[in-house]
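Here are the chains, one letter per residue:
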Amino acid sequence: MATTERGSHGPLAGVRVVELAGIGPGPFAAMLLADLGADVVRVDRPGGAGLGIDPAYDLTNRNKRSVLVDLKAEGGAARVLDLVERADILIEGYRPGVAERLGVGPDAALARNPRLVYGRMTGWGQDGPLAERAGHDIAYIALTGTLSMIGKPGEPPTVPANLIGDYAGGSLYLVVGVLAALQHARTPGGRGQVVDAAIVDGAAHLAMMIHGMLAAGGWQDRRGSNLLDGGCPFYGTYETADGQYMAVGPLEQRFYEEFRRLLGIGDEAPDRGDIGRWEELRTVVADRFRTRTRAEWTEVFEGSDACVAPVLSLREAPHHPHIAARSTFVEHDGLTQPAPAPRFSATPVSVRGGPARPGADTEAVAADWDVPGIARP
């Protein structure tokens, strides 16, 4: 694992971002912008806004700076708007109407800074029957149909942590949206605008290919029955002799032939094109994988195009030779963490600082952004 250095800048160097503290996809989106070089100032509230994690370990706040402002106190909104006046992007993840009631909604912010990109991160969106309701990742992906695709047939859907909703359907779409809006704001005649990033919209959008396959009759509307959802015996995971797992995915015929040869199932494997015999094929593959350990199978498939890989744990992953060679994980201040992604040839990115501690950077931000009022108690 590589050790990071301070002082590196990415393609967003010079972009200023105000993040109104929240949890989940908003902070992750702001972290992505910070990883890419933006100067992200997180406006933390007294008492904290998270789920109880020690701020020293909240990696979604790396590469940021923090100021402490009580938006409910007299003058709190004015202090934040002083920052907004000097920012390019604002990110908030409140329920619809909350930012307006606090005095930092889009109208107030854009009045102070007409070229501001105002990014709103919610689960349900800014309108619709559920807009005012509370929710979390699992409910958002449930209503979009995304959750229904994950898991084994006849069993409850499998919960994919909060990766698909919060981060893939939420954070990534918010980042794409605010950067697109920033490009518009910086063009001649461009102006600021509000970006409404709803997890339900993003999570639905992620399944675009599946909806096309469904319409074409190439996807069954039930989990564990299709090419990419575990229903296919040559696209899934198999237990090894030591209770570990191997991931298998040789979809193309030429890769499958190499897989079959190296696995050693030869002529005993039924034709993979006969869907009616998929369960028979799955049994043959599963029985064979249980004859050796994960390490032994990893060695068998090493260097091949059989599209097979060991299923590694979170702690194992950083030490895999390929992952280590690419420095996909880095260490900063004693914390092992994923490196910023993607990579840039001319404007490299890095972990420049650890998780921002609430209020720790108030004086520095006040000086750098020329907002002395932000440092008032």
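In the block above lies the structure referred to throughout.
The present account deals with the structure reproduced in this document. Going along each chain's sequence as written, the residues are numbered from 1 onward. For this predicted model, a pLDDT threshold of at least 70 governs which residues receive local features, and a threshold of 80 or more governs which side-chain atom pairs are given and counted, while totals over whole chains, interfaces and linings are taken from all residues. Neither water nor hydrogens contribute to the side-chain values; these are computed over all heavy atoms in the structure.

## Here's the deal with the pairing of strand 11 (residues 329-332)
Of the pairings in the sheet, the one linking strand 11 to strand 12 (residues 335-338) comprises 4 bridges and is antiparallel in character. Bridge pairing in strand 12 links Glu331 to Thr336. What makes two strands pair is DSSP finding at least two bridges between them. Strands here are runs of E lasting at least two residues and helices are runs of H or I lasting at least four, both read from the DSSP assignment and numbered beginning at the N terminus.

## Quick notes on unusual backbone geometry
Here Ala341 and Pro342 are connected by a cis peptide whose omega angle stands at 0 degrees. Take Pro342: it is sitting in the loop between strand 12 and helix 13 (362-368). In the Ramachandran plot, Asn63 falls in the positive-phi region, its phi being about 60 degrees despite a non-glycine side chain. The topology assignment puts Asn63 in the loop between strand 3 (39-44) and strand 4 (64-68). With a phi close to 55 degrees, Ser327 is a non-glycine residue in the positive phi region. The topology assignment puts Ser327 in the loop between helix 12 (321-325) and strand 11. Residue exposure (1.4 Å probe, protein chains only): buried if accessible area is under 20% of the type maximum, exposed if over 50%, otherwise partly exposed. By relative accessible area, Ser327 is classed as partly exposed at 24%.

## Some thoughts on the sheet that holds strand 2 (residues 16-20)
Here we have 6 strands laid out as an open sheet, ordered 4-3-2-5-6-7, and parallel in their pairing. Of all the strands in the sheet, just strand 4 and strand 7 (193-198) have a single pairing partner and so form its edges. For this sheet the average axis-to-axis angle between neighbouring strands, irrespective of direction, equals 20 degrees. Bridging between strand 2 and strand 5 (residues 89-92) involves 3 bridges; their strand directions are parallel. Paired with Val17 across the strands is Ile89, a residue of strand 5. Contacts between residues were defined by any pair of non-hydrogen atoms, one from each residue, lying within 4.5 Å. Note on geometry: axes are lines fitted to C-alpha atoms, helical ones only across the stretch in contact, with angles between N-to-C directions running from 0 to 180 degrees. Contacting strand 5, strand 6 (117-122) and strand 7, helix 6 (residues 163-185) runs over the sheet at an angle of about 165 degrees to strand 6.

## Let's talk about the sheet that holds strand 8 (residues 236-239)
The antiparallel open sheet is built from 3 strands, whose spatial order is 8-9-10. At either end of the open sheet lies a strand with only one pairing partner, and these are strand 8 and strand 10 (308-310). Across the sheet, the mean angle separating the axes of adjacent strands is 30 degrees when strand polarity is ignored. Where strand 8 and strand 9 (residues 245-248) come together, 4 bridges link them in antiparallel fashion. Directly across from Glu239, in strand 9, lies its bridge partner Tyr245.

## Quick look at the packing of aromatic side chains
Aromatic contacts are taken between Phe, Tyr and Trp rings whose centres are within 6.5 Å, Trp giving its six-membered ring; a plane angle under 30 degrees counts as stacked, one over 60 as edge-to-face, and the others as tilted. Tallied over the entire structure, the rule returns 11 aromatic pairs. Taken together, a centroid distance of 6.0 Å and an interplanar angle of 20 degrees make the contact between Phe259 and Phe301 stacked. Separated by 42 residues along the polypeptide, Phe259 in helix 9 (residues 253-263) and Phe301 in helix 11 (residues 294-301) bring together distant segments of the chain. Ring centres of Trp297 and Phe301 lie 6.0 Å apart, and the angle between their planes is 35 degrees; this geometry places the pair in the tilted category. Taken together, the residues Trp297 and Phe301, both in helix 11 and 4 residues apart, mark about one turn of the helix. You'll find Trp297 and Phe301 in the same group, each marked buried. Ring pairs connect the aromatic residues Phe234, Tyr238, Tyr256, Phe259, Trp278, Phe289, Trp297 and Phe301, which therefore count as one cluster. In this arrangement the basic side chain of Arg272 is found over the ring face of Phe234, its NZ or CZ atom lying 4.5 Å from the centre. Here, a charge over a ring is recorded when the distance from Lys NZ or Arg CZ to the ring centre is within 6 Å and its angle to the ring normal is within 35 degrees. Over the face of the ring belonging to Trp297 we find Arg292, whose NZ or CZ atom lies 5.0 Å from the ring centre.

## Here we look at the packing of helix 1 (residues 25-35) against helix 6
Interhelical geometry of helix 1 versus helix 6 gives an angle of 50 degrees and a closest axis separation of 9 Å. One way to sum up the angle between helix 1 and helix 6 is to call them oblique. Handedness of the crossing formed by helix 1 with helix 6: right-handed. Here helix 1 contributes Pro25, Phe28, Ala29, Leu32 and Leu33 to the contact with helix 6, which in turn contributes Asp166, Tyr167, Ser171, Leu172, Leu174, Val175, Val178 and Leu179. For the contact of helix 1 with helix 6, the class distribution of residues is 11 nonpolar, 1 polar and 1 charged. For this classification, under 35 degrees means roughly parallel, over 145 means roughly antiparallel, 65 to 115 means roughly perpendicular, and everything else is oblique. What makes a crossing left-handed is the near helix being turned counterclockwise from the far one by less than a right angle; a clockwise turn instead makes it right-handed. Residues were grouped as follows: Ala, Val, Leu, Ile, Met, Phe, Trp, Tyr, Cys and Pro as nonpolar; Asp, Glu, Lys and Arg as charged; and all remaining residues, including Gly, as polar.

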